[in-house]
Amino acid sequence: MSIVAGYLMFGVDLGLDYTLRNVILGSAVLGLVGGVLGCFAVLRRQSLVGDALAHAALPGVCLAFMLTGAKGTFGLMVGAAISGWIGTLALLAIVRGSRIKEDAALGVVLSVFFGVGILLLTRIQRTGDAAQSGLDRFLFGQAATLVERDVQLMAVLSAVVLAIVWLLFKEFKLLSFDPDFAAAVGFAPTPLTVLLTTLIVVAVVIGLQTVGVVLMVALLIAPASAARQWTNRLGRMLALAGLFGALSGVVGAVLSARISRLPTGPTIVLAATAIVAVSVLFAPERGVLWAGIRQWRHRRRLQVAALLRDLADRAGATGRVDAPALAAGGDLRALRRRGWVGAGPDSAWVLTPTGETEVRRARRQEAVWKRYLGRQMNLPPEAIHHGVMEMERVLPDDTLRLLEAELAREEAAEAIPRRPGTVVVDPGTEAAR
Amino acid sequence: MSSELVVIITGVLVGASCALVGCFLVLRRMALLGDAISHSVLLGIVGVFFFTGGRSALLMVLGAGAVGLLTVSLVELINRTGRVREDAAIGLVFPALFSLGVIFVSRFPSRVHLDVEHVLYGEIAYAPFYRFELFGLDLGYRSFWMLGIMAALDLLFVGLFYKELKLATFDPGLAAAIGFSPVVIHYGLMAAVSATTVVAFDSVGAILVVAMLIVPPSTAYLLTDRLTTMFALAVGTGAASAVGGYWLARSIDGSIAGAMATVAGLLFVAAFLLSPLHGLVARLLRLRHLRRVFARGLLLSHLEGHHGSADLATLRCRFLWNARTAAAVTRGAVRDGLVRETTSGAYTLTEQGRGAARDVAAG
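Residues numbered from 1 in each chain as written. Chains lettered and ligands numbered in written order. Predicted model: local features only at pLDDT ≥ 70, side-chain atom pairs only at ≥ 80, totals over all residues. Heavy atoms only, no water.

A.B. asks: It is not clear to me how the overall build of chain A should be interpreted in this structure. Could you clarify?
C.D. replies: When you go through chain A residue by residue, the secondary structure sums to 18 helices and 3 strands. Counting over 433 residues, chain A shows a buried share of 50%. Across chain A, the fraction of contacts at a sequence separation of at least 24, relative to all contacts at a separation of at least 6, is 67%. Taken as a whole, chain A presents about 19900 Å² of accessible surface, with 61% of it coming from carbon and sulfur. (Helix = DSSP H or I, 4+ residues; strand = E, 2+ residues; numbered from the N terminus. Buried < 20%, exposed > 50% of the residue type's maximum accessible area, 1.4 Å probe, protein only. Contact = heavy atoms within 4.5 Å. Areas by Shrake-Rupley, 256 points an atom, 1.4 Å probe, with all protein chains shown as cover.)

Structural data, given as structure tokens:
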């Protein structure tokens, strides 16, 4: 119980009261477990199975209450787990045993189980049992009702779940990315899937009291989706998702405690959603923002290159163009900044020597590209795109060298500079290959 | 009119209008978008409450329709970034919008007269208490007007665009090729789903709308291969769920909406097991029938090929049949006069059996 002990000290330091400490710790634990297990659900494209499963837990909670007549958290959790499991089996039976597709099957399981749950819940409420008050906390969650025993139970369950994930990391990884291969190399996929689903059920059950059946799915999907943006490695993704989940839990719990009438569950969900938004926009490499900038830069480079070639075409042998003939002000400035053109006499523009080299390089590039499209891809001449393409990024080096060698043999007349850094290949040895 | 009847008719109207648009959701594999819309519609309702302070039916429908379309476009937007897959995108959008709705309800209880119970169970039991008044004239029950108009609009939508919807559902490529814009059809359908959802929401609550949208059409889908029949069956199942749900809720004293979903679920299970076309039992029977036909074919061609007779032990050994299968196959063949048992306990073909064996060989 060192986590709990550590946290209690931390809580005392901050002067947090008993209830808030429980809420924060409970939410953090829930976010951690939900984030880690959500990764597998998201990677296996089963994000919404968690939703169906959470809704399916409701009748179990109600039945457990009706049978035991008490709202001891453990009993209700067992009930929730059992009916969540039955929901998963029903889902599987519908998809395998009929023509109903997975989306509709999810909808059927989710809504019918939830309907049964609501029916039982209202029945319990109307029997006027005094102990029932607070059973509806399982709908949207009511973190304030968490007591220390609940938090301890959640922590223990989480520890068990995380330990299993740690022990079976390799197996779960294989199952998530290549189930056929997993089966082929001898991991039994069915027991593993069953185990993974069970772990997700446990995570859902852990979250029921805090965020409720309706919103639980967000704590599975959001941290995992956010973590996915920052890394391509599963281990790091799990760690990040756990971190994001726990962070959402703590932020949500603290905010809802500080601001009156701000329910905990929805606040946690919004915190997690905000993390996703930030990640999708700003994560290095995958961030939508960076991709947009990259695309913009690329387009700009192509524009400038096209202008340079136009300029060279117009300039012809004289090497100068009169200023009024040029309309593209911004692009022209860009050319100048790169030192490719300079101001000549009589308000004309002249290509600088570096500019001329660049033009020849671009022409060479275009010639190689055309050749590639015409020969290797067998495109008809009219379909060949004449723009300057950045083929160095597209074509493998071998192909590029071959094409360039061919060109060099045929075009001895005009020396076109190679792209910088290209290995010079003697045409003779190239032909001998 | 007795209040009981008002509630039942309200339920039937909910079931019918939801089932109508739900059919397309199920067929176009967009059931989960319906689920997402039904959750996020809460935000639209709350927003209208918050900004206008009233519960004007028209504004509610418009607000909810707007949020419904917002949900669909957000899912699409996230999906198109390529960073998050569609299932996860749906699971990101609707909990966030639903959370916003719940937070609004709890933050501003004085301006938003909704309580959690209403959001979840709806107020179908109160349908007899709300009446529709215009210029001081009492025109009858409000739920009848709202749901009736909605059902009529849905019917109109499906009726007018039947051909377009059908084609876009079953052959989107052809539909796009001959000029029906898939985008218009998609968003039109989503608008219809959103509007229907919000009207039904009032009666059965957020999550149980999903039950009415998806479960009856899924049930109908198990029962028929024809679209028009599917509409009729879905509407019928939806209405039956409403009536049965009312009865169930009355007899065990629980939420009517919950009971409606429960009955819809029971009807689905019945269709899943017993549908003559696609039911589990029918499938198993067909499988058993095929197995029998195949086994009889084996028996006949074996006897034909070995000029005459074989005893049970030979057959069992030859075809790896267990005692029960061997007995059943021979008994059936004897009964139908294809095979007869000789005094030594072996089986030979009859004249009729030889004909049948030649048929088997001819395929």
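A.B. asks: What is the right way to look at the overall build of chain B in this model?
C.D. replies: Summing up its helical and strand segments, chain B has 16 helices and 5 strands in all. Looking at chain B as a whole, 52% of its 363 residues are labelled buried. Sequence separation of at least 24 residues holds for 66% of the intrachain contacts in chain B that already meet a minimum separation of 6. Surface summary for chain B: the accessible area is close to 16400 Å², and the carbon and sulfur share equals 66%.

A.B. asks: Honestly, the nonpolar core in this entry has me stumped. Any pointers?
C.D. replies: Core analysis: the biggest nonpolar cluster contains 186 residues, and A:L37 and A:F114 have the highest contact counts within it. The dominant element in this core, judged by the number of residues it contributes, is helix 10 (residues 189–230) of chain A, at 25 residues. Every residue in contact with A:L37, bar those within four places of it in the chain, is listed here: A:V161, A:V165, A:L196, A:L199, A:I200 and A:A203. Listed in part, the 17 residues of the second largest apolar core include B:L299, B:A310, B:L315 and B:L349. (Core = buried A, V, L, I, M, F, W, Y, C linked by side-chain atoms within 4.5 Å.)

A.B. asks: Mind showing me how you'd approach the environment of A:F169 here?
C.D. replies: Residues and elements named next belong to chain A. Along the chain, the position of F169 falls in helix 8 (residues 169–177). Classification of F169 by relative accessible area gives partly exposed; the value is 24%. Taking C-alpha positions, F169 is 9.4 Å from L234, a pair spaced 65 residues apart along the chain. Discounting chain neighbours no more than four positions away, the residues touching F169 are L234, G235 and L238.

A.B. asks: Please clarify how the interface of chain A and chain B should be interpreted in this entry.
C.D. replies: Buried accessible area, meaning the area lost when the parts come together, often serves as the stated size of an interface. Contacts between the two partners involve 60 residues from chain A and, on the opposite side, 59 residues from chain B. Across the chain A to chain B interface the summed buried area is about 5000 Å²; carbon plus sulfur atoms make up 69%. Between chain A and chain B we count 1 salt bridge in total. With a closest N to O distance of 2.9 Å, A:R99 and B:D225 form a salt bridge. Here chain A is connected to chain B by 15 residue pairs in polar contact (both at pLDDT 80 or more). Elements with a minimum of two residues in the side of chain A that touches chain B: helix 2 (18–43), helix 3 (49–68), helix 4 (73–97), helix 5 (102–126), helix 6 (137–140), helix 10, helix 12 (264–282) and helix 13 (288–315) of chain A. The leading source of residues in the side of chain A that touches chain B is helix 5 of chain A, at 18 residues. (Buried area = accessible area lost by both parts, 1.4 Å probe. Salt bridge = Lys/Arg side-chain N within 4 Å of Asp/Glu carboxyl O. Polar contact = N/O pair within 3.5 Å; in protein donor to acceptor, adjacent residues only side chain to side chain.)

A.B. asks: Help me understand the environment of A:L67, please; the structure alone is not making it clear to me.
C.D. replies: Residue and element names in this part refer to chain A. Summarising the element assignment, L67 is placed in helix 3. According to the relative accessible area criterion, L67 is exposed, its value standing at 75%. As a C-alpha pair, L67 and G79 span 12 residues in sequence and 9.8 Å in three-dimensional space.

A.B. asks: What is the right way to look at helix 7 (residues 162–170) of chain B in this model?
C.D. replies: Quick reminder: α-helices carry 3.6 residues per turn. Residues three or four places apart thus point the same way. All names here are of chain B. Residues E164, L165, A168 and T169 constitute the buried set of helix 7. Along the axis of helix 7, the buried residues cluster in a sector spanning 120°; they form a single face. Facing away from the buried side of helix 7, by more than 90 degrees, are the exposed residues K163 and F170. Looking at the packing, one finds that the buried side of helix 7 touches helix 1 (3–27), helix 6 (142–160), helix 8 (172–177) and helix 9 (182–204). (Arc of directions from axis to C-beta.)

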